[in-house]
Amino acid sequence: MKKKILITGGAGYKGVLLTDALLKLNHEVTILDNFMYGYESILHLISNENLTINKTDIRNLKQSDVDGFNVVYHLAGISGMPACATNPHSAESINVDSVAKLIGFMKPEQLLINASTTSMYGFSDVICDEETIISPVSIYGKTKFISENLIQSRDNSISLRFATVFGVSPKMRNDLMVNDFTYKAIVDRSIILFAGETKRTFIHINDAIRAYIFAMDNASIMKNNIYNVGDDSMNLSKIDISNNIKQYVKFEIINSVLPDLDKRSFEISFKKINDIGFKTKYNLNDGILDLVKLYSFYVQYTPYKII
Ligand SMILES: NC(=O)c1ccc[n+]([C@@H]2O[C@H](COP(=O)([O-])OP(=O)(O)OC[C@H]3O[C@@H](n4cnc5c(N)ncnc54)[C@H](O)[C@@H]3O)[C@@H](O)[C@H]2O)c1
């Protein structure tokens, strides 16, 4: 059935591919975004008659921006540890205060699917599931945790705690670990590893988009719940990531003796979402191959860095 769908942050790294996928499923999609990174990411979608653009800063959200949608995907935000550390005030007002506004405007029958993050697990030496007590170590993790709590206090909401995404999108994020390491391997011919044995968890961008759609399609069983989104096989260390890239690119790994400013290290269980039928389809190498193609192209044709 055709749905009216709002995607906040729909012009972003994940948002633009989610918009594309939902339009291909013949839904009516509205992107609400302040376009802080420009418009280029959505140019290829402009002529789609089922697409509407609402250029709005979510801090100035109005009731009319939210009315009439069956589903709201909430992706807008200051995303990632470095961006939040650089802009702590914006992180608070965009990642938290705007969420309070959004849920205040939503009607009970509107489904809310929230882009949450495994980054909030912080530092843990046990395998974390959705019941694990959360101790975020960054402003990013803290603001996402508070906003997730706000969202889950509302009925008809699903929070998807995504692993760190990797892969190519029309709006690139070169700060994400796999993307960043591949970029450095190609452009700098070296990666400096801080705390190389620390572990994170990763998901291919196509699987992240599949999970958003899976949540909408399975809302009757998933609503009012939180799910880790990824796969147990993708709990990997920085050394693992670097070694995978080494299969395709010649570069040097430099082990730094300095401590890592990013204190995150954790392993995650994805059993809860696996048990209701969501399985990832893409592996690390699928993403790295695309990234190698992209960044090799930039090295050839762009004399400056693209971050
Ligand atoms: N990429 C990941 O690895 C990852 C993992 C877990 C969770 N998430 C979450 O998923 C969401 C999307 O992440 P992404 O990687 O696509 O990030 P992104 O930075 O590429 O996209 C965020 C989008 O939000 C928009 N935005 C930012 N501030 C806004 C504001 N004040 N008003 C309106 N729009 C605004 C930006 O213009 C951008 O288009 C974020 O909430 C992020 O925390 C991302």
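None of these values were measured; they are calculated from a predicted model. Think of each chain on its own: its residues are numbered from 1, step by step along the sequence as written. The model is predicted, so local features are restricted to residues of pLDDT at least 70 and side-chain atom pairs to those at 80 or more, both for listing and for counting; the totals for chains, interfaces and linings are taken over all residues. Only hydrogens and water are set aside when side-chain values are computed; all heavy atoms of the structure are taken into account.

A.B. asks: Before we move on, can you summarise the sheet that holds strand β7 (residues 157-162) with the specific residues and values?
C.D. replies: DSSP bridges decide pairing: two strands pair if at least two such bridges lie between them. The way it works is that DSSP assigns letters per residue, a run of H or I at least four long becomes a helix, a run of E at least two long becomes a strand, and they are numbered from the N terminus. On the basis of which strands lie adjacent, the open sheet formed by 7 strands has the order β3-β2-β1-β4-β5-β7-β11 and parallel pairing. Each edge of the open sheet carries a strand with a single partner, namely β3 (51-55) and β11 (225-229). Recorded for the sheet is a direction-independent mean angle of 20° between the axes of neighbouring strands. As paired elements, strand β2 (residues 28-33) and β3 share 5 bridges and run parallel to each other. Counted as the bridge partner of L32 is N54 from β3. Between two residues, a contact is recorded if the distance between any of their heavy atoms is within 4.5 Å. Interaxial angle, 0 to 180 degrees, is taken between N-to-C directions of lines fitted to C-alpha atoms, where a helix line uses only the stretch in contact. On top of the sheet, helix α5 (residues 139-152) reaches β4 (71-74), β5 (111-117), β7 and β11; it is set at about 160° to β5, its chief contact.

A.B. asks: How would you summarise the sheet that holds strand β10 (residues 199-204) if you had to cite specific residues and measurements?
C.D. replies: The mixed open sheet is built from 3 strands, whose spatial order is β8-β10-β12. Each of the sheet's edge strands pairs with one partner strand only, and the pair in question is β8 (164-166) and β12 (235-237). This sheet shows a mean twist of 50° between the axes of neighbouring strands, independent of strand direction. Judged from the 3 bridges that link them, β10 and β12 form a sheet pairing that is antiparallel. When the bridges of β12 are listed, R200 appears paired with L236. Strands β8 and β10 of the sheet are contacted by helix α7 (residues 205-217), whose axis makes an angle of about 75° with β10. Contacts between helix α9 (residues 238-246) and the sheet are confined to β10 and β12, with β12 contributing the most and set at about 85° to the helix.

A.B. asks: Please give an account of the environment of Q110 that cites residues and values.
C.D. replies: Here Q110 lies in the loop between α4 (88-105) and β5. According to the relative accessible area criterion, Q110 is buried, its value standing at 3%. The sequence separation of Q110 and F69 amounts to 41 residues, and the corresponding C-alpha distance is 6.8 Å. Among all residues touching Q110, those that are not within four sequence positions of it are V66, D67, G68, F69, N70, F105, R154 and N156. Summary of the burial criterion: residues with accessible area below 20% of their type's maximum are buried, those above 50% are exposed, and those between are partly exposed, where the area comes from a 1.4 Å probe applied to protein chains only.

A.B. asks: Please provide a residue-by-residue account of α5, values included.
C.D. replies: Over its 14 residues, α5 extends 20 Å from the first C-alpha to the last, a length consistent with the 20 Å expected when each residue adds 1.5 Å. Within the sequence span of α5, burial applies to Y140, G141, T143, K144, S147, E148, I151 and Q152. One side of α5 carries all its buried residues, which in axial view fall inside an arc of 165°. Next to the buried residues of α5 lie β4, α3 (81-86), α4, β5, β7 and β11. Multiplying one less than the number of residues by 1.5 Å gives the expected span of a helix. Taking the helix axis as origin, the arc is that swept by the directions to the C-beta atoms.

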